[in-house]
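One-letter residues, chain by chain:
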Amino acid sequence: PFSALVPAKTQEMASRIKQEEKDLLVNKRAEGDVKAEEIREKLQSLNLPAALEAREGKGGIPESILARITAVQSKGGMEHIDDMLKQVLSAQDKAWELFNATKGSLEQELKDDEKLKNDFGGRWTRAPSKELTVDFSGQLSNVEG
């Protein structure tokens, strides 16, 4: 009813201001979405996105966690994880057995070399075992820590 009383120029300005306000709001929302995505990516790199999802969500378990649970369950659940753990532990035991056997072989080589050097004296011209196996010994020491 009163729009006829407002000058056309003022109506145009009001309309333009409202449009600018809408555009500004859209831009700010887009900037906020970009920042939120950057934060999610940072949290993902820190393995923390579930905490943000739980806070933003309606409660309950976040979707990303539910997806992981479903994936584990589809592969056999805890039984599959237990089997994988047994395989890893078995492989670890075998690796240590090989490590200890290798270490024992190098130690025996060193003892045998010393014995032969003592038995043959100057006629034993072979390079000392300790020099020949220095790389292997160093690697074994690195593994032992």
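Residues numbered from 1 in each chain as written. Predicted model: local features only at pLDDT ≥ 70, side-chain atom pairs only at ≥ 80, totals over all residues. Heavy atoms only, no water.

Q: Please explain the overall build of the protein as it appears in this structure.
A: Looking only at helices and strands, the protein has 6 helices and 0 strands in total. Mapped in sequence order, the helices and strands of the protein form the string α-α-α-α-α-α. Evaluated residue by residue, the protein yields a buried proportion of 8% over its 145 residues. Counting only contacts in the protein whose residues sit at least 6 apart along the sequence, the fraction spanning at least 24 positions is 32%. Counting every atom, the protein has about 12500 Å² of accessible surface; 58% of that belongs to carbon and sulfur. (Helix = DSSP H or I, 4+ residues; strand = E, 2+ residues; numbered from the N terminus. Buried < 20%, exposed > 50% of the residue type's maximum accessible area, 1.4 Å probe, protein only. Contact = heavy atoms within 4.5 Å. Areas by Shrake-Rupley, 256 points an atom, 1.4 Å probe, with all protein chains shown as cover.)

Q: What am I meant to see in the layout of surface pockets here?
A: The method is simple in principle: a probe with the dimensions of a water molecule rolls over the atoms, and the space it marks as empty is what remains. For the largest pocket, the calculated volume is near 170 Å³. Lining the largest pocket are K103, L106, E107, L110, K130, T133, S137, L140, S141 and E144. Contributing elements (two or more residues each) for the lining of the largest pocket: α4 (77-120) and α6 (134-144). The residue inventory of the lining of the largest pocket, partitioned by class, reads 3 nonpolar, 3 polar and 4 charged. (1 Å grid on protein atoms, 1.4 Å probe; cavity = no way out; pocket = protein on both sides within 12 Å on 5 of 7 lines; lining within 4 Å. Points joined across faces, edges and corners; volume = space filled by probe spheres on them. Nonpolar A, V, L, I, M, F, W, Y, C, P; charged D, E, K, R; others polar.)

Q: How should the side chain of S129 be read in this particular structure?
A: Residue placement: S129 occurs in helix α5 (residues 129-132). Here the side chain of S129 touches E109 through a polar contact of 3.2 Å, side chain to side chain. Excluding residues that lie within four positions of it along the chain, S129 makes contacts with E109, L110 and D113. (Polar contact = N/O pair within 3.5 Å; in protein donor to acceptor, adjacent residues only side chain to side chain.)

Q: Please clarify how the confidence of the model for the protein should be interpreted in this entry.
A: Low-pLDDT portions of the prediction should not be read for the details of their coordinates. For the protein, per-residue confidence averages 85 on the pLDDT scale, and residues scoring 70 or more make up 88% of the total. Averaged pLDDT values over the elements of the protein bottom out at 64 in helix α2 (residues 49-56) and peak at 93 in α4. (pLDDT = per-residue confidence, 0-100.)

Q: Would you take a moment to explain the pattern of salt bridges for this structure?
A: Close approach of charged atoms lets side chains of opposite charge pair. Taken as a whole and judged by the stated rule, the model has 6 salt bridges. Its salt-bridge partner being R126, residue D113 comes within 3.0 Å of it at the nearest N-O pair. Taken as a pair, D113 in helix α4 and R126 in the loop between α4 and α5 lie far apart in primary sequence, 13 residues in all. Taking relative accessible area as the criterion, R126 reaches 38% and is therefore assigned partly exposed. Here the salt bridges share partners, and the residues they tie into one network are E109, D113 and R126. (Salt bridge = Lys/Arg side-chain N within 4 Å of Asp/Glu carboxyl O.)

Q: How should a nonpolar patch on the surface be read in this particular structure?
A: A contiguous nonpolar surface patch, about 230 Å² in accessible area, is contributed by I61, L66 and I69. Within the secondary structure, I61 sits in the loop between α2 and α3 (63-74). (Patch = residues over 30% accessible without salt bridge, like charges linked within 9 Å, V, L, I, M, F, W, Y side chains within 5 Å.)

Q: Looking at this structure, I do not really get the packing of aromatic side chains. What am I missing?
A: To describe a pair of aromatic rings, you give the distance between the ring centres and the angle between the ring planes. As enumerated under the stated definition, the model contains 2 aromatic pairs in all. Ring geometry for W96 and F99: centres 5.1 Å apart, planes at 80 degrees, overall edge-to-face. You can see W96 and its partner F99 sitting in helix α4, 3 residues apart, about one turn around the helix. For F99, a relative accessible area of 9% translates into the label buried. Here the aromatic rings of F120 and W124 are separated by 6.0 Å at their centres, their planes lie at 25 degrees, and the arrangement is stacked. W124 sits in the partly exposed class, given a relative accessible area of 24%. (Phe/Tyr/Trp six-rings, centres within 6.5 Å; stacked < 30°, edge-to-face > 60°.)

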